[in-house]
Every structure is written in C-alpha cells, then in structure tokens.
Amino acid sequence: MSNQLLSPSQNPYQWPEFQSLTAEDYVVAARQGAALQQEELEAITANNEPATFDNTLVALEASGQVLRRTLMTYFTVLSAHGTEDLRAIQSEMSSIMTRQQDAIYLNETLFSRLQALNLDSLVGEDARLAEQTLREFEQAGAALGSEAKDKLSKLNEQISELSSQFSNLALENQNKHAVHFADAAELEGLGDAAIAAAAKAAIDAGYQDGFLLPLVSPSQQPVLSQLARSESRRKVHEASLSRGLKSTLELAAQMASLRAERASVLGFANHAETVLADATAPSTAAVAERLAELTAPAVRNANAEAEILSGLAGGPINAWDWRYYSEKVLQEKFSVDTSALREYFELERVLVQGVFATATRLYGITFTERFDLPGYHPDVRVWEVFDADGSALALYTGDFLARPTKKGGAWMTTLRDGASFLNERPIVTNTLNIAPPADGEPVLLTLDETNTLFHEFGHALHGMFANGKYASLAGTSVPRDFVEFPSQVNEMWALHEDVVGGYAKHYATDEPLDPSVLESLRASELWGQGFATTEYLAASVLDWSWHTIEPGTVIADPEAFEQQVLVEAGFDPQMIAPRYRTGYFQHIFANGYSAGYYSYIWSEVLDADTVQWFAENGGLMRENGNRFREELLSRGNTRDPLESYRLFRGRNAEVEPLLRRRGLVNAE
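Residues numbered from 1 in each chain as written. Predicted model: local features only at pLDDT ≥ 70, side-chain atom pairs only at ≥ 80, totals over all residues. Heavy atoms only, no water.

Caption draft 1: Focus on the overall build of the chain. Of the regular secondary structure elements, the chain holds 27 helices and seven strands. Taking the principal axes of the C-alpha coordinates as reference, the chain spans close to 80 × 60 × 60 Å. Every one of the 668 residues in the chain was classed for burial, and the buried ones make up 57%. Within the chain, residue pairs in contact and separated by at least 24 positions form 74% of the contacts whose partners lie at least 6 positions apart. Within the structure as shown, the chain displays about 27000 Å² of accessible surface, and the carbon and sulfur contribution to it stands at 49%. Side-chain charges of the chain comprise 53 positive and 92 negative groups, with the mean position of each set lying 1 Å from the other. (Helix = DSSP H or I, 4+ residues; strand = E, 2+ residues; numbered from the N terminus. Buried < 20%, exposed > 50% of the residue type's maximum accessible area, 1.4 Å probe, protein only. Contact = heavy atoms within 4.5 Å. Areas by Shrake-Rupley, 256 points an atom, 1.4 Å probe, with all protein chains shown as cover. Lys, Arg positive; Asp, Glu negative; His and termini not counted. Charge placed at Lys NZ, Arg CZ, Asp CG, Glu CD.)

Caption draft 2: Layout of the packing of helix α3 (residues 65-80) against helix α5 (residues 90-105). One way to put it is that α3 packs onto α5 with a least axis distance of 11 Å and a crossing angle of 140°. Read as a crossing pair, α3 and α5 show a hand that is left-handed. Packed against α3, whose contacting residues are Leu67, Thr70, Leu71, Tyr74, Phe75 and Leu78, the element α5 presents Gln90, Met93, Ser94, Ile96, Met97 and Gln100 at the interface. (Axes fitted to C-alpha atoms, helices over the stretch in contact; angles between N-to-C directions. Left-handed = near helix turned anticlockwise from the far one by under 90°.)

Caption draft 3: Spotlight on the sheet that holds strand β3 (residues 366-370). Taken together, the five strands give an open sheet; going across it, the order is β3-β4-β5-β7-β6, and neighbouring strands pair in mixed fashion. Either end of the sheet is taken by a strand with one partner, and the two such strands are β3 and β6 (411-416). Pairwise comparison of adjacent strand axes, ignoring direction, gives a mean angle of 30° for this sheet. As defined by bridge partners, strand β5 (residues 392-401) adjoins strand β7 (residues 427-434) across six bridges and the pair is classed as parallel. Bridge pairing in β7 links tyrosine 396 to valine 428. (Pairing = 2+ DSSP bridges.)

Caption draft 4: Spatial organisation of the domain arrangement of the chain. Its domain assignment divides the chain into domain 1 (12-143) and domain 2 (344-457 + 480-511). Once you take the C-alpha centre of each, domain 1 and domain 2 turn out to be 29 Å apart. Listed by partner, the interface residues are 23 residues for domain 1 and 34 residues for domain 2. Here domain 1 and domain 2 share two salt bridges between them. One salt bridge connects glutamate 424 with arginine 68, and the closest N-O pair in it is separated by 2.9 Å. Counting across the domain 1 and domain 2 interface gives ten residue pairs in polar contact (both at pLDDT 80 or more). For the side of domain 1 that touches domain 2, the secondary-structure elements that each account for two or more residues are α2 (53-62) and α3. (Domains from an automatic or database assignment. Salt bridge = Lys/Arg side-chain N within 4 Å of Asp/Glu carboxyl O. Polar contact = N/O pair within 3.5 Å; in protein donor to acceptor, adjacent residues only side chain to side chain.)

Caption draft 5: Expanded view of the UniProt feature "coiled-coil region" (unreviewed entry) in the chain. In the numbering used here, UniProt assigns the feature "coiled-coil region" (unreviewed entry) to residues 145-172. With 96% helix and 0% strand, residues 145-172 has its two end C-alpha atoms placed 41 Å apart. (UniProt positions renumbered as here; feature names shortened; annotations may be inferred.)

Caption draft 6: Here's a closer look at the UniProt feature "domain: Peptidase M3A/M3B catalytic" (unreviewed entry) in the chain. Mapped onto this numbering, the UniProt entry gives "domain: Peptidase M3A/M3B catalytic" (unreviewed entry) at residues 226-663. Helix makes up 50% of residues 226-663 and strand 8%, with an end-to-end C-alpha separation of 26 Å.

Okay, structure coming up:
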C-alpha cells in the first residue's frame, strides 16, 4: 500500500488515513519530506533574482508540506496512543525534526536573502510574517559563525534525544506506579462504580484480582479526596511523588544544563531569556517578581487552610490527608460533595449540552458528528463544525478516556491549521484522561474534569476560528504566555447560571442539579485557593529555577536542588508538593513549556480581566462572542496579541480581578 502521508489526503479536510499508517510510513515520509524541503530551500537560495517577499518568504512558508503533515500527524498520535512501535521511532522522528529546523534556521544563504528583503511596503499579515520569520532566524542562531552553529546543532540534537527519552520514561513510570490494592476495604470511600472500574483496570493490567488505581499526570491524585483510609491515601500519594526519582530526574538535570549551554551560544544569560525573547513578559526579572509577589500571600492562605483542616481532623494532617479533609470542609461548611456531583456531570451531556451549546450561543457554530472518518483509536470521535451562516468551518476531534498508551494530562493539538494560503481548514483535537468506567456504565466527570473539558475547548476555539493566510501565524501559534488565555476564559462558562442548567442533570433520573448546590459551589470558590495557587506557583518556581541556571552549571543532586529552590522560595514541599515534580514535569521537559509554566498565571491576568468584561456587558450573548472571536480568537499571531487584547478590551489588562479571584486581596 502506498504511503498516505506523501500527498494530501483526499478525505474531507484532508483527514488522515490513520488506519493504514504504520511506524515505517511515518519514518519514510519524514525522511522524504525533509529531503523534499531541502530541495525547495536550495531552489530559494539558488535563485539569481533579487530577494522578494514572494520568492523568499512566501516560498519558505510554502516549503516542507510533506514533512509538516507527517510530523503533525505523528506527534498527535504518539501523545494520545503511543503504542510500542510508535514510541520506538520517537527518537528518530524528533531527530529529523530538529535537524530540519537547524537546516533552515542556520542556513546562511537563506538568512542573507531574508535580510536583503525590502520590507517597507509590507502591511498587515505579510508584514507580521516577515517580522516573525526574521526574529525566529535570529533567535535560532542564524547570525552565528560556523563553529558556533556546529555546536548549536549538536546541542539541539542532544536536547531532542533527551526529551524523547524523558517522554517515554514518564509514561512508563506513570503506568508502573499505578497502585494495586488487594482488598476492596482499602478503597473505602470510593463509590461502587469507581471500585468496579478499579477492578477492571487491575484485570486489564494483568493482575489476577484486586483493584488498580492508575495515576494521573499531576502530583495530587483525585482519589485522595475520597479514600477514607489514611494508609490508602499515603500509598497513592507516595506512589505519585516517587515517579521518576531513579530515571527521568537525571535526564531533566542534563537537559537543563544543555539548555543553559545552548542559551550561552545564542548570546543569552540563561534558557529563560531565550524563551522570553518571543513572549509577552518583558523580562526574566518581571516573571520572577510576579511569582515572588504571589507566593507569600498564596502560602499564607494555604497555611490558614491547613489550620482549618487540622481542626477538622483533630490534629496535624499529613500531605496525603489534605484533599480528603478539604473535601470534608466543602461538605460541612458549604454543603458541597464533589464526589456526588459526578452523577450530574455525564460526559455526553457536558460536551453536547454544555460545551457545544455554549459555543453555539456565543458564536453561532453548530456540530454534526462524523462517523465516516475513523480515528487512530476506537475512542476517538469526530464532529464537523459549521459556522453561523451554515458554511463548513472545521473538524473537532475528541479523545476523552485514559489508556496506558496515552500520556497524562489534557491538551489540544491541530492536525491541520486554518490557513488560506495552503487552502487548509482546521482539524483540532482535544485529548483528556478521564478514567474509563466499568463496562456498561456511563462516563461521569469530576468537577475538575468538567472545567478541564471547557478549558481545552477554549484552545480548540482558538484553533478553529483561525482566519488568516499563513499557517505559521494561525490559531494557537502565539507567544507561550498568551496561548492559555482563551482556554482559561472558556472555563468561565462551566458553572455559569445560563449554561450549567442545560447539562448538569442526574445521569439516571434526569433530575437537574439543585440550584442550592450551585449556589454553594459558587460560595465555596475561594476555598482551597491557597492550596491550588501554592502548588501551581511551586511548579512554576521549579521550572524557572531549572531554566535560569547559568551556563556551565551541573546539578549533581537534582532532587536536592528541587527541594532547595522550593524551600528558599518560601514553600513547604513536604506538605504541599508542586503540581509537578521534576521527574514527571512533562510540560517543561517533553512538551515545549520549558521556562514557560509561569504562563498560566501570566495569561490568567488577561483571563480574569476578560471575565469581568463579559460580566459587565451582559455575559452569554452573541454580540460578546462575536467581539471576542473577531478581535482575539480569529487573529492568532497575525498581529501582536497584546494589541489584539487592547482592541478587544479598550485598554491593557488589570491585575486586580485575578488577585480577587485567587483570594490574594480582600474584595472591595
């Protein structure tokens, strides 16, 4: 059978032929795609005509489509369904991608042609493409001498290889550290459906009997809020925190050192500076200052919460007891039982009558499920999305259930971008890790998972509404510390009074969630913010510390380094672990967020300010959705994202709404 990746798919939206693709197909297509792009680059540099926007910049943008299509498809599937054969080729695929990037950005002749361009006559998206492309070349080392370029290429290759190893080992560690219990009594506190799912997970993993609790990506495991026995909670908590102590931790330390060395070659003081060169944050000092100014009040709030929890427990609590007693506070003080809420958050309803219905009311878009486009796994579902005028807009793909071949967490990717230059319409994927139910049972979500689904769909909207010429500027191709902003805004609708009543109904009786429960949920929004903000900031500080080390620094004891930076920043990691410890911090060591985890709180300033704007202007209305879409979601990186924000909001964002949301200041 011919390799389907070597030419555009004839399916609607160029939907890939997943069923026919093999690991060999990906490797062959990547190699051939790289060779084809090299020929295209040589044609650009060999052109004897003076460099123009069309024969240089546009030609560069158009090059490499086979490789681009192959890499987008491969890495989408790898992260969601990384079978053994696909993981076996990850190192080679990453290496091909890294070498190709170097072949482009370190090409002296190509860079010279770009520098020779007369950009004075360019306007709009053409001017933005030129500006961004030149900046990328400069930041990648295009102006370096040949010796420095050789060193840079070797460093890039080493970092790529270590990142691939980290990704594979992190998934293996997460699966290996799943906690097996022999006796159902040890799972006291879990509902019958959760216990049945744990029994099924044990059988699926090869155990003859017992119950298996798989781990999710963050340090804090959701079951800790339900397990009634402290010893059971301890086992789960310690299994979670011990991931990677004997494998990925060393890889992370090596990567951090290599990134610092790479930064030095590029003329930066540390890796964080290289990241901020294309970010909205003005400097490393500004990021460090923001993290520090938030840490003290967050820790203070967490300590106050700990006193309340200790009073409820009748004495000092352990780290693994925190979520259990925090849940008790919700039940006793606010009459909120989050485990009982799951019965009102059935996946299909949350998705169709919550997420989709909200998007229809805000933007006029509608969804029709496509059963003729098979995915890379039977769990994958596909919807065609239509604009308000009935025209075809995009494909939306949902892959919601956890499995051993899927990396932890939740994310959005694109298989195709909205780019008129390439005649492409978006294919956007959302991937979550919801625990599969026992056979015949419905998929029920926690409140956190419901928020996550709304969050990831915010990313999907950013991708689906892309409305520009060039793929490199489309959708979520914005600075890292801006990309989380639209997704965080979309979370506001999860419990909005005009939304939640449409989907929060008991899965068996159809009974709506009692309005008094919703009132209690809203009243309890500040409870637990001390813990949540502290664990997030601890992870951000950890990321920042790894990536602000000086070139030449070797971290001999990475676990001790981790503990030292957290304690010196004012955290107590023995009581509140960072959301991700170094050994399983895939965001920064495998997924492109290095020196960028701060971006969630940085983007949340824009998010909280935007939520306030919606509240001031009537909330869930088409006029508001259209404005948000036109000025922000559709723009991608076709203009400065902060300019887009100012045009949307009428001013720069203010930080006070965020401080109030997080309970870091007293509300007026």
